[in-house]
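Notes for the structure review
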Amino acid sequence: GYLRNRNLEGEVAYDTAGSAKLISENREGNLSQCAAIASALAAERYGLEILDAGIEDDDNNFTRFILLSRRWLPLDRGVPRAAWKTTMVFSLVNNQP
């Protein structure tokens, strides 16, 4: 993949925007030689330079979000309801299958 082809070492992190924020807050410290794989919006928000774009190497990798509310929130974003998807995230004990 992208990192391996460039002899770069990856580090697992909680989320991409959070990684960008962490790096932006430690530019002069121990993360001064680090980069985050994050969105252009995260780069803009945290004042980071975009080094490369379109680096995804897995066509089936998608991030989707679910909005939970106690009351109905109409969300017509121009997407037919049949195309809406639901994603549930579960957290497991570290290093467990």
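Residues numbered from 1 in each chain as written. Predicted model: local features only at pLDDT ≥ 70, side-chain atom pairs only at ≥ 80, totals over all residues. Heavy atoms only, no water.

1. Quick word on the packing of aromatic side chains
Using the criterion set out here, one finds zero aromatic pairs in the structure. Above the face of the Y2 ring, R6 is positioned so that its terminal group lies 3.8 Å from the ring centre. (Phe/Tyr/Trp six-rings, centres within 6.5 Å; stacked < 30°, edge-to-face > 60°. Lys NZ or Arg CZ within 6 Å of the ring centre and 35° of its normal.)

2. A closer look at the confidence of the model for the protein chain
Across the protein chain, the average pLDDT comes to 82, with 75% of residues at 70 or higher. Helix 1 (residues 2-5) is the least confidently modelled element of the protein chain, averaging 90 in pLDDT, while helix 3 (residues 40-45) averages 95, the highest of any element. (pLDDT = per-residue confidence, 0-100. Helix = DSSP H or I, 4+ residues; strand = E, 2+ residues; numbered from the N terminus.)

3. Details of the pattern of salt bridges
Where charged atoms from two side chains of opposite charge approach closely, those side chains can pair. Under the definition given, this model contains one salt bridge. For E25, the salt bridge goes to K21, with nearest N and O atoms at 3.9 Å. A residue pair is termed a helical-turn pair when its members lie 3 or 4 positions apart in one helix, as E25 and K21 do in helix 2 (residues 16-25) at four residues. By relative accessible area, E25 is classed as exposed at 51%. (Salt bridge = Lys/Arg side-chain N within 4 Å of Asp/Glu carboxyl O. Buried < 20%, exposed > 50% of the residue type's maximum accessible area, 1.4 Å probe, protein only.)

4. A word on unusual backbone geometry
Unlike most non-glycine residues, N7 shows phi in positive territory, near 55 degrees. Here N7 shows up in the loop between helix 1 and helix 2.

5. Some remarks on a negative patch on the surface
On the surface, a cluster of negative charge is made up of E56, D57, D58 and D59. The residue D59 is located in the segment after helix 3 in this model. Judged by its relative accessible area of 71%, D59 is exposed. (Patch = residues over 30% accessible without salt bridge, like charges linked within 9 Å, V, L, I, M, F, W, Y side chains within 5 Å. Areas by Shrake-Rupley, 256 points an atom, 1.4 Å probe, with all protein chains shown as cover. Lys, Arg positive; Asp, Glu negative; His and termini not counted. Charge placed at Lys NZ, Arg CZ, Asp CG, Glu CD.)

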